[in-house]
Structures are given as structure tokens and as C-alpha cells.
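# Topology and contacts: notes
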Amino acid sequence: MRLRHATIADIQLMRRWNEQPHLAENLGDDDWQWETELGKACDWREQFIAEIDGRPIGYLEITDPAGDPEQYWGDCAPNLRAIDIWIGEESELSKGYGTQMITLALNRCFAVPAVTAVVIDPLAKNTSAIRFYERLGFHTVGPRRFDQDDCIVMRLERAEWHGLS
Ligand SMILES: CC(C)(COP(=O)(O)OP(=O)(O)OC[C@H]1O[C@@H](n2cnc3c(N)ncnc32)[C@H](O)[C@@H]1OP(=O)(O)O)[C@@H](O)C(=O)NCCC(=O)NCCS
């Protein structure tokens, strides 16, 4: 597996994936605004497509919540990272790809010495994603409402990341 930066050329792929039922029900009401956001250069966010043998299988976004101009995470401490992740096609779930993707992402986050922890915000009803994150070492911070979505904030401290291979 490799992560490559997403570009605006991936827009049809992203639109198709966002229509998949397993994503529509688990990604909440966020409008990802791909037309303006996909591949846009900025210093607080990186967007990736995960590929296996050149075949795109998932999307991954790493953000610096304190640098986000829209302050999605609110008034946030510096030196955190937030991750959004999904597998595009339902047929590709539960094959270990998500674990591989987030392992690459967490290694990338913690490669920055100043980064202290990574946060995520699965929907409260998304119990399989919550279990997925718990298995990686994330702990639950608590419930939080983001816009229309009831979420669970989870967090992985640098010392809790043991770098699955
Ligand atoms: C959450 C998500 C990214 C996890 O990715 P994934 O590729 O399905 O996860 P994995 O395959 O690595 O692990 C999931 C399960 O498969 C199992 N598994 C891992 N490797 C496996 C393999 N090689 N073969 C078979 N099963 C495997 C794991 O044990 C795990 O089981 P469990 O959670 O039922 O106990 C994915 O389910 C997804 O995109 N969900 C929809 C969108 C979403 O919820 N995103 C998160 C929003 S916060």
C-alpha cells in the first residue's frame, strides 16, 4: 500500500465513494466541498488516496486542528493532528486495509516531533469504527456534537502509539 496526495483529478472517485451506503451512513452530514477543497494546497491539511498496486482503495485526511481556518475542532491546543479515513468500496472493508492506512497516517503524524496526540471523531453510532480505533490504542475522551452529528471524540497520545506494522 502507498499513500499519494489527492488531486482535483480524483473528484469523480470521491463523488462515487461518497454515494456508497457504508460511507453515507457513517460519515455524518459534513459537506466535503470537493470542488473547491480537493487537492487545494494548504499548510494545515494533507489529503491522500491509498492505493494498492496502483488501485485506489481509500481516502485519508490529516489535519492540524489549530490551523484549520474554519476551526472545526473549536479552539484547539497546538501540536495535535486529526484524521479522517474511509475505505471507498464496501467490498474492500475488513481486509486489513484500514489498519494499514491508519498505520501509515499515524507514523506520519508522530514523525513530527512536536505532535503530542491524534484525535478522531467517529459518529457515536459507528461502533465498528470505534472498535477499530480502540484496537489501535485510541481512548475515548467523550461525546461531542459537531454540527448535526453526535460523535465520540477519541484520542491517541504519542506514548500510546506502538506502531503496528
Ligand atoms: C473504519 C474503516 C476505515 C476500517 O477499515 P477496514 O479496512 O474495514 O478495517 P480493517 O480491515 O483493518 O479492520 C476491520 C476488521 O477487519 C478485521 N481484519 C483485519 N485485517 C484483516 C484481514 N487481513 N482479513 C480479514 N479481516 C481482517 C479486523 O480484525 C477488524 O475486525 P473487527 O473490527 O470486526 O473486530 C472502514 O470500516 C470504513 O471505511 N468504514 C466506513 C467509513 C468510516 O466509518 N470511517 C471512519 C469514520 S470516523
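Residues numbered from 1 in each chain as written. Predicted model: local features only at pLDDT ≥ 70, side-chain atom pairs only at ≥ 80, totals over all residues. Heavy atoms only, no water.

## Side note on the sheet that holds strand E2 (residues 45-52)
Reading across the sheet, the 7 strands line up as E1-E2-E3-E4-E5-E7-E6 and stay open at both edges, with mixed pairing between neighbours. This sheet does not close on itself; its edge strands, each paired only once, are strand E1 (2-5) and strand E6 (139-146). Shown here is a sheet whose adjacent strand axes are inclined to one another by a mean of 30 degrees, direction ignored. In this structure, strand E4 (residues 80-87) lies alongside strand E5 (residues 117-120), joined through 3 bridges in parallel fashion. Bridge pairing in E5 links Arg81 to Val118. Running at roughly 90 degrees to strand E3 (residues 55-63), helix H1 (residues 11-18) makes contact with E2, E3 and E4 of the sheet. (Pairing = 2+ DSSP bridges. Helix = DSSP H or I, 4+ residues; strand = E, 2+ residues; numbered from the N terminus. Axes fitted to C-alpha atoms, helices over the stretch in contact; angles between N-to-C directions. Contact = heavy atoms within 4.5 Å.)

## Brief notes about the site of the ligand
Neighbouring the ligand are 20 residues, the closest being Ile87, Gly96, Gly98, Thr99 and Asn126. Lys95 places a polar main-chain atom, nitrogen or oxygen, 3.2 Å from an oxygen atom of the ligand. Listing elements by their share of the shell around the ligand, those giving two or more residues are helix H2 (21-24), E4, helix H4 (97-110) and helix H5 (127-136). Tallying contributions element by element places H5 first for the shell around the ligand, with 5 residues. Of the residues in the shell around the ligand, the class split is 10 nonpolar, 7 polar and 3 charged. (Near = heavy atom within 4 Å. Polar contact = N/O pair within 3.5 Å; in protein donor to acceptor, adjacent residues only side chain to side chain. Nonpolar A, V, L, I, M, F, W, Y, C, P; charged D, E, K, R; others polar.)

## Re the nonpolar core
Judged by nonpolar contacts, the single largest core of 29 residues is most densely connected at Ile83, Ile102, Leu106, Tyr133 and Phe138. Mapped onto this core, the elements with two or more residues apiece are E2, E3, E4, H4, E5, H5 and strand E7 (149-157). Tallying contributions element by element places H4 first for this core, with 7 residues. Setting aside chain neighbours within four positions, we find Ile83 in contact with Leu60, Glu61, Ile62, Ile102, Ala105, Leu106, Cys109, Val118, Val119 and Ile120. In this structure, Met14, Leu27, Trp32 and Trp86 belong to the second largest nonpolar core, which totals 13 residues. (Core = buried A, V, L, I, M, F, W, Y, C linked by side-chain atoms within 4.5 Å. Buried < 20%, exposed > 50% of the residue type's maximum accessible area, 1.4 Å probe, protein only.)

## Remarks on the pairing of E7
Alignment of E5 against E7, held across 4 bridges, turns out to be antiparallel. Along E7, the bridge assignment pairs Val119 with Arg155. Bridging between E6 and E7 involves 7 bridges; their strand directions are antiparallel. Across the sheet, the residue bridging to Phe146 is Asp149, located in E7. Hairpin geometry of E6 and E7 is characterised by an intervening segment of 2 residues between the two adjacent antiparallel strands and by a positive phi of about 50 degrees at Asp147.

## Description of the state of the cysteines
Tallied over the entire structure, the rule returns 0 disulfides. For Cys42, which is in no disulfide, the shortest distance to another cysteine sulfur is to Cys109 and amounts to 15 Å. Considering cysteine sulfurs only, Cys76 is the nearest to Cys151, which forms no disulfide, with 14 Å between them. (Disulfide = S-S within 2.5 Å.)

Fair warning: the whole summary comes from geometry, so function is off the table for now.
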